[in-house]
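Chains, contacts and geometry: an overview
Residues per chain are reported as follows:
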Amino acid sequence: MQNNYINYFTEIEEHFQRRRGSILLLSTLDWALIDTWREAGVPLAAVLRGIDAAFDKYEARKTRAHMRKVNGLAWCAQAVMEAVEAMQEAAVGGTPAHGDAAGLERERIAQHLHTAAATFTRAAVALPALHEIANRLEQLAQQKLPHEELERHLSALEEKLFALLITPMPAEELEQMREQAARELAPYRSRMQALQIRQIEQQFLRRRLLERYDLPRISLFYMQQGE
């Protein structure tokens, strides 16, 4: 079963660090990769199993030859996909990516939306178009929508958000972000399928756009426990 965003990311980060044997802060590329797993509904168990499988193979080879230390989560991407396939074949898992959302308390959801709206209102000083996002979040916070319907509205709003963020971006700066994603992905391209590479590049760009304005993701999946 998938946990919420914070647990999903934390579990993966800590497990990767344990298997690596030392603390390594995940890069924007690593976070983007986890985002693609999350959006694809990859169970947490499959990610952890794939990390274990990748490091087991690495450690077996390391005893026979000098190998560089693993410096990125993307090195485990192929093994994670193999773990997903194995779980599907064994009919294990199958929980929808947002299955936990149905049990979230209405008060916490409203607080999540109010907090996000306040953040977007502050950011609108630099980009006035964000007022529209803030106002819509406040409207949704007042409505008592079923969780699945609310999540659909938030997903559509995020798509609109990224369009608003990318429109005023200077072409040169946008190209620099894409080039950075390509550079960081270069060592791992042989381990990934073309579709996965495009998805990670998109998530990388989205993360950088949000960082530029210090904005949060707004999906219920990104809501912290105990807010």
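Above this note sits the structure.
Observations concerning the overall build of the chain
The helix and strand inventory of the chain stands at nine helices and zero strands. Listing the helices and strands of the chain from first to last along the sequence gives α-α-α-α-α-α-α-α-α. Here the chain, with 227 residues, has 46% of them falling under the buried criterion. For the chain, contacts bridging at least 24 residues in sequence account for 80% of all contacts bridging at least 6.

Notes on the nonpolar core
In terms of nonpolar packing, the biggest core is built from 41 residues, with Tyr-8, Ile-12, Phe-16, Ile-34 and Trp-37 touching the most fellow members. It is helix H3 (residues 44-62) that contributes the most residues to this core, eight residues altogether. If you look at the next biggest cluster of nonpolar residues, it comprises 32 residues, including Leu-130, Leu-140, Met-169 and Leu-215.

Section: helix H2 (residues 28-39)
The end-to-end C-alpha distance of H2 is 16 Å, a good match for the 16 Å that 12 residues give at a rise of 1.5 Å each. When you tally the buried positions in H2, you get 11 out of 12 residues, the bulk of the element. All of the buried residues in H2 are Thr-28, Leu-29, Asp-30, Trp-31, Ala-32, Leu-33, Ile-34, Asp-35, Thr-36, Trp-37 and Arg-38. Backbone geometry just downstream of H2 places Gly-41 in the positive-phi region, at approximately 75°.

Parameters and conventions
- Residues numbered from 1 in each chain as written.
- Predicted model: local features only at pLDDT ≥ 70, side-chain atom pairs only at ≥ 80, totals over all residues.
- Heavy atoms only, no water.
- Helix = DSSP H or I, 4+ residues; strand = E, 2+ residues; numbered from the N terminus.
- Buried < 20%, exposed > 50% of the residue type's maximum accessible area, 1.4 Å probe, protein only.
- Contact = heavy atoms within 4.5 Å.
- Core = buried A, V, L, I, M, F, W, Y, C linked by side-chain atoms within 4.5 Å.
- Expected span 1.5 Å × (residues − 1).

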